[in-house]
Every structure is written in structure tokens, then in C-alpha cells.
Amino acid sequence: MKKHNFYITTPIYYPSGQPHMGHAYSSILADVFARFSRNDNNKVYFLTGTDEHGLKIQKAAEKNGLDPLIYCDKISAVFRDLTKKLNLSNDDFIRTTEKRHLKAVNDLWKKLVNSGDIYLSKYKGWYSVSDEAYYSSDEVIEKNGNKFSTYSGSPVEWVEEESFFFKLSAWQNKLLDFYDKNESFILPISRRNEVINFVKSGLKDLSVSRTSFTWGIKVPNNDKHIIYVWLDALTNYLSALNFPNTDDELYKNFWPASLHVIGKDILRFHAIYWPAFLLAAGLRPPSRVFGHGWILSGDEKMSKSKGNILNPLEIIDKYGIDELRYYLMKEVSHGSDGSISLSNLKRCINSDLANNYGNLCQRVFSFVKNNCDNKVVKTNKISESDKKLTEQTNVLTKDLKKEMNNQNLNNYIKSVINVSFLTNKYINDEEPWKLKKNNVEKMYNVLHMSLEQIAKISILLNPIIPNASSKVLSALNIDNKMRNYTFLDGSYLIADTVQISELGILFKKII
Ligand code: ME8
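So, how was this worked out
- Residues numbered from 1 in each chain as written.
- Predicted model: local features only at pLDDT ≥ 70, side-chain atom pairs only at ≥ 80, totals over all residues.
- Heavy atoms only, no water.
- Helix = DSSP H or I, 4+ residues; strand = E, 2+ residues; numbered from the N terminus.
- Expected span 1.5 Å × (residues − 1).
- Bend = angle between axes of the 7 residues up to and from the residue.
- Buried < 20%, exposed > 50% of the residue type's maximum accessible area, 1.4 Å probe, protein only.
- Pairing = 2+ DSSP bridges.
- Contact = heavy atoms within 4.5 Å.
- Axes fitted to C-alpha atoms, helices over the stretch in contact; angles between N-to-C directions.
- Near = heavy atom within 4 Å.
- Polar contact = N/O pair within 3.5 Å; in protein donor to acceptor, adjacent residues only side chain to side chain.
- Areas by Shrake-Rupley, 256 points an atom, 1.4 Å probe, with all protein chains shown as cover.
- Left-handed = near helix turned anticlockwise from the far one by under 90°.
- Nonpolar A, V, L, I, M, F, W, Y, C, P; charged D, E, K, R; others polar.
- Parallel < 35°, antiparallel > 145°, perpendicular 65-115°, else oblique.
- Disulfide = S-S within 2.5 Å.
- Core = buried A, V, L, I, M, F, W, Y, C linked by side-chain atoms within 4.5 Å.
- Salt bridge = Lys/Arg side-chain N within 4 Å of Asp/Glu carboxyl O.

A. Broad picture of helix H10 (residues 267–280). For H10, which comprises 14 residues, the first-to-last C-alpha distance of 19 Å matches the rise-based estimate of 20 Å (1.5 Å per residue) to within 8%. Its axis deflected by about 30° at tyrosine 273, H10 carries its strongest bend there, up to four residues before the proline proline 275. The buried fraction of H10 amounts to 13 of the 14 residues, a majority that puts the element mostly inside the structure. Backbone geometry just after H10 places glycine 282 at a positive phi near 75°.

B. Representation of the sheet that holds strand S15 (residues 289–292) within the structure. Strand order in this open sheet of six strands is S3-S2-S1-S14-S15-S9, and the pairing throughout is parallel. With one partner strand each, in any of the chains shown, strand S3 (92–95) and strand S9 (186–187) form the two edges of the open sheet. Across two bridges, strand S1 (residues 5–9) lies against strand S14 (residues 259–263) in parallel orientation. Opposite threonine 9, over in S14, you have histidine 260 as the bridge partner. Where H10 meets the sheet, it contacts S9, S14 and S15, and its direction lies at approximately 140° from that of S14.

C. Region of interest: the site of the ligand. Lining the immediate environment of the ligand, one finds 24 residues, of which Ile12, Asp51, Gly263, Asp265 and Ile295 sit closest. Contacts to the ligand include histidine 23, whose side-chain N or O atom sits 3.0 Å from an oxygen atom. When the free accessible area of the ligand is taken as 660 Å², the share hidden by the protein chains comes to 95%. It is helix H1 (residues 21–39) that provides the largest number of residues to the shell around the ligand, a total of three residues.

D. Representation of the pairing of S3 in the model. Judged by which residues are buried, S3 turns out to be covered on both faces: Asp92 and Ile94 on one side and Phe93 and Arg95 on the other are all buried. Relative to S3, strand S2 (residues 43–50) runs parallel, the two being bridged by four bridges. Bridge pairing in S3 places threonine 50 opposite arginine 95.

E. Representation of the packing of helix H13 (residues 342–372) against helix H18 (residues 440–461). It is at 10 Å that the axes of H13 and H18 come closest, and there the two elements cross at 140°. The element H13 and its partner H18 pack so that their crossing is left-handed. In this structure, H13 contributes Tyr357, Leu360, Cys361, Val364, Phe365, Phe367, Val368 and Cys372 to the contact, and H18 contributes Met443, Tyr444, Leu447, Ser450, Leu451, Ile454, Ile457, Ser458 and Leu461. Grouping the amino acids of the contact of H13 with H18 by side-chain chemistry returns 15 nonpolar, two polar and no charged.

F. Examining the packing of helix H5 (residues 172–181) against H10 more closely. Two numbers describe how H5 lies on H10: the axes approach to 10 Å, and their chain directions differ by 110°. If you check the angle between H5 and H10, you find them roughly perpendicular. Counting all contacts with H5, which are made through Leu175, Phe178 and Tyr179, the residues of H10 involved are Ala271, Ile272, Pro275 and Ala276.

G. Just the state of the cysteines, in detail. This structure, assessed with the given rule, holds zero disulfides. Its sulfur unpaired, cysteine 348 is 16 Å from the next cysteine sulfur, which belongs to cysteine 361. On the basis of relative accessibility, which here comes to 1%, the residue cysteine 348 falls in the buried class.

H. Quick peek at the side chain of aspartate 386. The residue aspartate 386 is located in helix H14 (residues 384–397) in this model. The residues touching aspartate 386, leaving out its near neighbours within four places in the chain, are Lys381, Tyr426, Asn445 and Met449.

I. Expanded view of the pairing of strand S8 (residues 157–166). As paired elements, strand S4 (residues 118–128) and S8 share ten bridges and run antiparallel to each other. By the bridge assignment for S8, lysine 122 is matched with glutamate 162. With two bridges connecting them, S8 and strand S10 (residues 206–207) associate as antiparallel partners. By the bridge assignment, phenylalanine 165 is partnered in S10 with serine 207.

J. The sheet that holds strand S5 (residues 133–135), seen in detail. Taken together, four strands build an open sheet; the order of strands is S5-S4-S8-S10 and the sheet is antiparallel. In this open sheet, the two edge strands, each paired with only one partner strand, are S5 and S10. Packed on one face of the sheet, H10 meets S5, S8 and S10 and runs near 30° to S8.

K. Seen up close, the nonpolar core. Residues Tyr179, Leu328 and Tyr412 are the most contacted members of the largest nonpolar core, which totals 175 residues. Among the elements that take part in this core, H13 stands out by supplying 13 residues, more than any other. Setting aside anything within four residues of it in sequence, one finds tyrosine 179 in contact with Phe185, Ile186, Arg192, Val195, Ile196, Val199, Ala271 and Ile272.

L. Spatial organisation of the pattern of salt bridges. Inspection of every chain in the model, using the stated rule, returns 27 salt bridges. In this structure, arginine 100 and aspartate 92 form a salt bridge, with 2.8 Å as the shortest nitrogen-oxygen distance. Overall, arginine 100 belongs to the partly exposed group, its relative accessible area being 24%. A relative accessible area of 15% means that aspartate 92 is categorised as buried. Residues arginine 210 and glutamate 161 are paired through a salt bridge, measuring 2.6 Å at the closest nitrogen-oxygen approach. With arginine 210 in strand S11 (residues 209–210) and glutamate 161 in strand S8, the pair connects residues that are 49 residues apart, well separated along the chain. There is no split in this pair, since arginine 210 and glutamate 161 are both buried. One connected set of salt bridges, linked through shared partners, spans Lys330, Glu331, Arg347 and Asp352.

In short, the description is geometric, and any link to function would need to be established separately.
In C-alpha cells:
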């Protein structure tokens, strides 16, 4: 099978406050794609980290009475710890205050200067510190004497200062051409249309340096200017691959990035500015940017200022990490915004994990333990219902790889959990507990079939619930080498004679 190289990234997070559910969601989503691609026998590099420069972080440090770097060391460590708590499989964690990053940003800047895409002028306009973004006058409204961005709702302030500019306007047609030639560069399609319309409406040159604060990377050969934090931050995707050393194995293997997973609020930066910077510097843009929606609580974006936060760490402590991962991946509609609530989380864990997949594993394992001395031998008694279950499973799993490769994770999970539901139904209909008395051969076949189904479901669910699924696969004694998707071509996962080990409790039902 031909292997591919996949470079998958999460956004790098602002260490301006404590991690919240939006951070957890973005990270887990990217982790699921990374784990899936790895299980699919590809070479994967998965990156996350923290975005530590700019006025927003400088202000947060000041508020805490700390030097910005000391402040960032502290909060970045909290985000690094979050990667462990979320069970992320990241290969690296980058901080934009690291030397390797400084080197990459300096080099990219010089490339943009050399290509003639940067010039010095004066910026006069609106700026939002919380978005670290510039807005034009028609994107600003006034409410109670204060000005806000119509795009994000964040407060904006008037800025007038000397600034270097990137000639974004010169890239308008080249970007449109690029989107045209790369139809799945921006997914979902609705976001692609949003970006194309914005670019078509006209791009202005972009201010890429600031002079009114100090916390950031200095413009090479000009100490007065700090490089705009988004030009700095986006470059993290290159620095982690040891750019500018383009002979480096990491760079050679993994650039251009396969997939940047990001929230819709930062789409403009990733889908417009980023490919423009890269094209101008003579580098290849990423293959795809997936802009997920927001996690809502009721109808509102979950945010600290709105006080409607479900804290991911509390949920993990109380219900478990697989449980949180499954809930967010299954119930949030990834293309659009999704509402979450504690009652939905409980319902989802109980119905899909405890009563469906968990129950399937537990009932089959304990039956095999209590009645077959932990050993099942396949027989030739294949019945019509066996054939039907195999066919139904094939139909449900046929397009799963495609779904995942197009980031249609909701469809993917729905299909897999349906296979689990059908397998439970098959066991109810076949009643192995009755076969024990009068048709042992058939009973063995029903059990073998059930274990095979459990193995398939566990491998398919592995990217989403890595802990529980690995427990099951280990209890089935399935070798690590076998934990891939080759079985989707019709081959068997488990041997004709299966010896199982003890399976502890997988999921507790939440009362
Ligand atoms: O934007 N629902 O960092 P960040 C879903 N440093 N996603 C949410 C969310 C919510 N309620 N709230 C935030 C940054 N997010 C930059 C990224 S990348 C070069 C630089 C998502 O910590 C948000 O959409 O403010 C974004 O993708 C991510 O969390 C990080 O947000």
C-alpha cells in the first residue's frame, strides 16, 4: 500500500487565559484526523503549541504583574499539560518564543522583502487587540459610544503609526486563481464561498508591523518595528519543520502542510493571508484549511466573558477523556456551530458508549469468559444472519475512509456506531445463550462473528476514543501491526481461534 505523508496542525493557542472547551474541541478534532491517518499506515506529523507574542499577550502579562516571557512560560505549560489531558498524539509542541521560530520568521520576512512585497508607509485605521486584527471602516459599528468589529464583535481602537505593509492587493487575482485550481483548499464549501467573496470584494495591503509596543519579533534591521503577530504566528507551521533549512528531513517530508484545522474566526488569516505570504515567498501553500464552527452554549459562543463555560478539565475529571472526545466529535456538527450541554453529554455517553459499544464489548467478553473459557474457535456454520450482518457492515463502512479524508467526521461516527447497534441486535436475535444448550457449533460462530465486529468497531473508533478502543483491542490480543484499516478491503482481523483476556469496565453509565 502506498504511504503518504500527512502534516496536520491545530491552531497555536494564545496563552492569554486558561484553556477552554473551544481549545479542547479544535485540538481533539485535529488529533482525530492525525490518529486516523496514522492508523491508515501513513507517516504523520502532528503539531500544536502556543502563540505568545503581540499586544494581547503583553497586556495579559502586565495585568498579572509579570514579565511577558515569564508569564508565557507559565501559561504555555498549562496548554502543554492540556495536550496530555486531552490525550493528543502531537509529535511536537511549538512556542513562538523559541529560537527556531525566530529564525524562521526572520527568514520569511527577508524573503518577502526580497520579492518586493513589503514596503514602508503609515497605517491609519481600526485594530482589535483581542483578535489581533485590522478592520476597515465598513467592518466597524458603534454601540454606546464604543466601536466594535462587525466581523467578530470584538472592541476595536483607532491606530495611526508608521508600519511596513505587505502588498496583499497584488495577490488578489493570484489567490482567486489558486482557490480555483485547488477546490478543496478551504473546507467546508460554505467557508470557501465566504473567503472567495471576501477576496473578490477587493483586498487592501496589509499592515505587517507595529511600533507602539515591544513584545514580539523585531523586523530584521529595524529595531523600531515589531512583526505583526499573525505573520509571526502563522510561520510556526514552518518553524516546526526546521524551516528555513529546506534540506531538513522534516521539511522535505512534510511541507506543504496537509491540513490546518482552525476555527472559523481565524479563517481569513489562514485562507487569505497565509497562502499569499507563502506564494510571495516562493513557498507552497498548504493543501487544506478546515474551518470548524464554534462551540455554543445555548445560542452563544462559549467564552469566558459570557460566563457560559463548560470547563474541559472538570469534564475530563468527572466523566473521562474518551467520553469528552466522543461527545465533542459526535455531537458538534463540525462544519457549522454546535451547541453543547451537560445533559446532552450525559445522554450521548450513556446511549452510544455505555449502552451501545461498551455493552456490546462487555456482554460478549463476559459470555466468552463464563462459557468458553476465554477461547472462541470459528466454525463453518455461517448463517443467513451472519451474511446479512457482514453485508450491512460493508455498506456502512464502505466510504468511511473517504468521509474521514474529507473531514466528514459526523457521518463517520454515525456509521460506526450504527455497526455497533446492528451487532448488538444480531446477538439479541441469535441468542447465543440458547445455542449453548442445543447448537454449540453455531454459538461459536455467533461469538466469533461478534468478536470480529468488536475488533472492527474498535479500530474504527480508535482515533476518537483511543483509550477504551485500545483496551478492547489488547483484550482481543490484536497485534499493533493489525490495528489499521486493511480489513475494510474484506480481510479478517481476528484469527480462527481467538483467545481473549480480561476486559475491565469500559464506560460507566452516568446517572
Ligand atoms: O486564534 N468554539 O488562538 P485562540 C470553537 N493564536 N472553537 C473555538 C472557540 C469556541 N467557542 N473559542 C476559540 C488564536 N476557539 C491564534 C491562532 S494559529 C497560527 C494562531 C478556537 O487561543 C478558535 O477558533 O484565541 C481558534 O481556532 C482556536 O480555538 C485558538 O484560539
